Amino acid sequence: MVNFKTRIFFILLALLFIQSFALAEKTSVLLIDKDFSLVRCKKEITLAKGENLVTFGPVGKGVVVESVYPEIEGCQVLEQKIVPPSVLVWKVNSAIEDTTYLDVSYLTKGISWSVNYKINLDSEEKSFSFTCFLTVENRDGGDFALCELGFLSPIEFFQNIEKDNTQQTQAGFPPECNVKVEEDKERIIYFLTKEVNLPQDEVKTFFLFSFPKISTEKVYFFDGEKYGDEVREELHFKNPSGVFFPEGKLYIYKTTSGGRKVYLGERELGQIPPGREASIYLGPAKGIIGYRVQTFYKEVELTPVEKDIYNKDIAREYEYRLVFSNMRPDPVKIKVVEHFYGWWKIIESEPESYEKREKEIIYYLELPPNSKKIIRYKARTI
């Protein structure tokens with residue numbers, strides 16, 4: 001049985017909580033990773049001079065008590081405890097008798113979230129609509145009414161990005177978007193533009209942004225070093241906005257020539273910087289076969305001058321043969337990538353034309369219907 005004094009204490013505590021929470025000004029929930037979220041609430045409180053008890057709540061069962069960080073203007077926090085099941089209580093020493101602000105931040109578990117995309121590819125596979133959503137499941141994080149909701153995304157650093165691509169020099173999200181972006185050198189915060197209700201034990205999905213038409217190109221792609229002997233079917237497109245697309249799960253639909261919608265599968269979409277080209281893997285290309293085999297290898301001793309320049313003793317020479325067959329009734333074009341490391345050069349190549357980049361070469365191989373073609377090259381690396 002709860003004794004009379006304890007019952008009176010809880011009644012007074014509840015009254016204090018009701019009074020102080022009614023003065024709450026702003027609550028924000030920032031989703032940090034897949035299980036931790038940062039909650040921040042600022043509210044007005046009234047203090048007497050000397051020692052005071054300040055209450056805050058309710059907080060969810062997932063609150064990380066040692067992470068609670070109260071800041072109160074004009075006073076010093078002396079002691080903290082949590083009164084079951086969900087109220088935080090601080091003993092504070094105030095040098096003033098006045099109204100001031102409690103600004104409390106804490107981590108909580110129990111809120112999971114994910115970014116997901118839906119694309120709808122047109123019947124000619126030359127463009128698609130692109131819509132992004134945020135799904136939040138609040139299990140034990142607590143009840144939040146009219147809160148500012150956002151999520152954090154670290155910036156991935158990509159090779160071969162021109163400096164301008166990481167700056168917001170292009171158009172931002174479309175006007176009908178529901179997200180605003182704050183960016184620094186290493187992270188991006190996406191905030192919903194309107195406050196939302198985030199009740200406990202509910203799953204909610206929030207619209208973020210949409211592009212009604214993004215141009216795309218279907219590419220048959222072969223990278224034997226990364227993906228083995230598979231000709232991949234991919235959609236290549238460019239981020240048309242001036243902000244990063246966050247990573248998330250992608251659900252792919254297509255509208256057929258008869259107007260029906262079919263489902264093509266789900267994929268993981270990595271973070272896409274502004275203006276950056278990206279690809280969506282659809283699956284193995286049907287009716288197109290490729291394989292890659294090494295046909296020659298030799299180690300060659302370097303000259304004394306070369307040894308001084310490269311600080312190595314030997315070079316490696318090798319040859320690869322890549323064979324492709326098109327069994328489809330229409331012509332296809334295959335993008336073929338070969339990677340190189342260190343210092344390198346191509347000694348021989350059939351066909352002679354290829355695109356040379358810093359660490360790779362790219363062949364664009366055109367295959368007529370029901371045909372077979374071979375790529376052969378010889379390289380030297382140090």
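Right above here is the structure, for reference.
Each value, and the rule that gives it
Residues numbered from 1 in each chain as written. Predicted model: local features only at pLDDT ≥ 70, side-chain atom pairs only at ≥ 80, totals over all residues. Heavy atoms only, no water. Pairing = 2+ DSSP bridges. Helix = DSSP H or I, 4+ residues; strand = E, 2+ residues; numbered from the N terminus. Axes fitted to C-alpha atoms, helices over the stretch in contact; angles between N-to-C directions. Core = buried A, V, L, I, M, F, W, Y, C linked by side-chain atoms within 4.5 Å. Buried < 20%, exposed > 50% of the residue type's maximum accessible area, 1.4 Å probe, protein only. Contact = heavy atoms within 4.5 Å.

A. Structural context of the sheet that holds strand β21 (residues 314-326). Judged by pairing direction, the sheet is antiparallel, and its four strands sit side by side in the order β20-β21-β26-β23 without closing on themselves. Strands with a single pairing partner mark the edges of an open sheet, and in this sheet they are β20 (288-301) and β23 (344-350). Averaged over all pairs of adjacent strands, the angle between their axes in this sheet comes to 20°, without regard to strand direction. Where β20 meets β21, 13 bridges bridge the pair, whose relative direction is antiparallel. Counterpart to Ile288 in the pairing with β21 is Asn326.

B. Geometry of the sheet that holds strand β8 (residues 111-121). One open sheet holds the five strands; their spatial order is β14-β9-β8-β17-β18, and the pairing between them is mixed. This sheet does not close on itself; its edge strands, each paired only once, are β14 (202-215) and β18 (261-269). Pairwise comparison of adjacent strand axes, ignoring direction, gives a mean angle of 20° for this sheet. As paired elements, strand β9 (residues 127-138) and β14 share 11 bridges and run antiparallel to each other. Opposite Asn138, over in β14, you have Glu202 as the bridge partner.

C. Representation of the nonpolar core. Phe130, Leu149, Phe209 and Ile280 are the most contacted members of the largest nonpolar core, which totals 60 residues. Broken down by element, the residue count for this core peaks at six residues, all from β8. Contacts of Leu149, omitting those with residues within four sequence positions, involve Val29, Leu31, Leu134, Val136, Tyr190, Phe191, Leu192, Val196, Leu198 and Phe206. Ranked by size, the runner-up nonpolar core spans 22 residues in total, among them Phe222, Tyr318, Ile346 and Tyr363.

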